[in-house]
Amino acid sequence: MSGHQTTAFSHNNKNANLAARIKRMMQKDEEVGKIVKTTPLVMAKALELFLTKLFKATADTALAHGARIINPVHLKGAISDNDEFDFLEDVVKGVPDLPPPPDPAELAAKLLERVDEDGNPKKKEKKKKKR
């Protein structure tokens, strides 16, 4: 067995570029001394998990409002609805407030119009160009 030590992060490392950027950022701070090789990888994974959770909360907020596209208003709504993200409130303070969600029956009807009988999204019909 070789002296090279592997970690769970070294085999399937989709965060390598992010870890390299994190390491450069850490090295710019004069108060940071030596950095263990796995530290940026662990931080990259933590960042990935955090952003996944924030995105899921934002997507859920957008869906509850019947939106097809996520925008900053939905992000602000997700942040204000979840105590875990309250530290981000200053970041979105300039974003308009999210209006109240539509009536659930109206929203359900609107969402059902968007899918076929199998539950798959309907394809939009392309408009014919006028010549």
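Here, the structure is the one placed above.
In this text the structure is predicted, and so the values were computed from the model without any measurement. Residue numbers here run from 1 along each chain, matching the order of that chain's written sequence. With the structure being a predicted model, the display of local features is reserved for residues of pLDDT at least 70 and the display and counting of side-chain atom pairs for 80 or more, all residues being used for whole-chain, interface and lining totals. Where side-chain values are given, they derive from all heavy atoms of the structure, hydrogens and water being excluded.

Considerations on the overall build of the protein
Stage number 1. Secondary structure elements are defined from DSSP: runs of H or I of at least 4 residues count as helices, runs of E of at least 2 residues count as strands, and each element is numbered from the N terminus. Helices and strands together make up the secondary structure of the protein, namely five helices and zero strands.
Stage number 2. Order of helices (α) and strands (β) in the protein, N terminus to C terminus: α-α-α-α-α.
Stage number 3. Relative to its 131 residues, the protein shows a buried fraction of 21%.
Stage number 4. Considering only intrachain contacts with a sequence separation of at least 6, the fraction spanning at least 24 residues in the protein is 45%.
Stage number 5. The Shrake-Rupley method, run with a 1.4 Å probe, gives the accessible areas here. Residue values count only the displayed protein chains as cover. Carbon and sulfur atoms provide 56% of the accessible area of the protein, an area that totals close to 11,200 Å². Under the scheme applied here, a residue whose accessible area is under 20% of the maximum for its type counts as buried, over 50% as exposed, and between as partly exposed, the area being computed with a 1.4 Å probe on protein chains only. Throughout, a contact is declared for two residues whenever any of their heavy atoms are within 4.5 Å.

Points about the side chain of threonine 61
Stage number 1. Relative to the helices and strands, threonine 61 resides in helix α3 (residues 38–64).
Stage number 2. Apart from residues no more than four positions distant in its own chain, threonine 61 is found in contact with His74, Gly77, Ala78 and Leu98.

Considerations on the nonpolar core
Stage number 1. Leu54, Ala57, Val73, Ala78, Ile79, Phe85, Leu88, Val92 and Val95 together form the largest nonpolar core, which totals nine residues.
Stage number 2. For this core, the secondary-structure elements that each account for two or more residues are α3 and α4 (72–81).
Stage number 3. Of all the elements, α4 adds the most residues to this core, at three residues.
Stage number 4. Leave out the neighbours within four places in its chain, and leucine 54 touches Leu75, Ile79, Phe85 and Leu88. Only buried residues count toward a nonpolar core, which is a set of Ala, Val, Leu, Ile, Met, Phe, Trp, Tyr and Cys residues joined through side-chain atoms within 4.5 Å.

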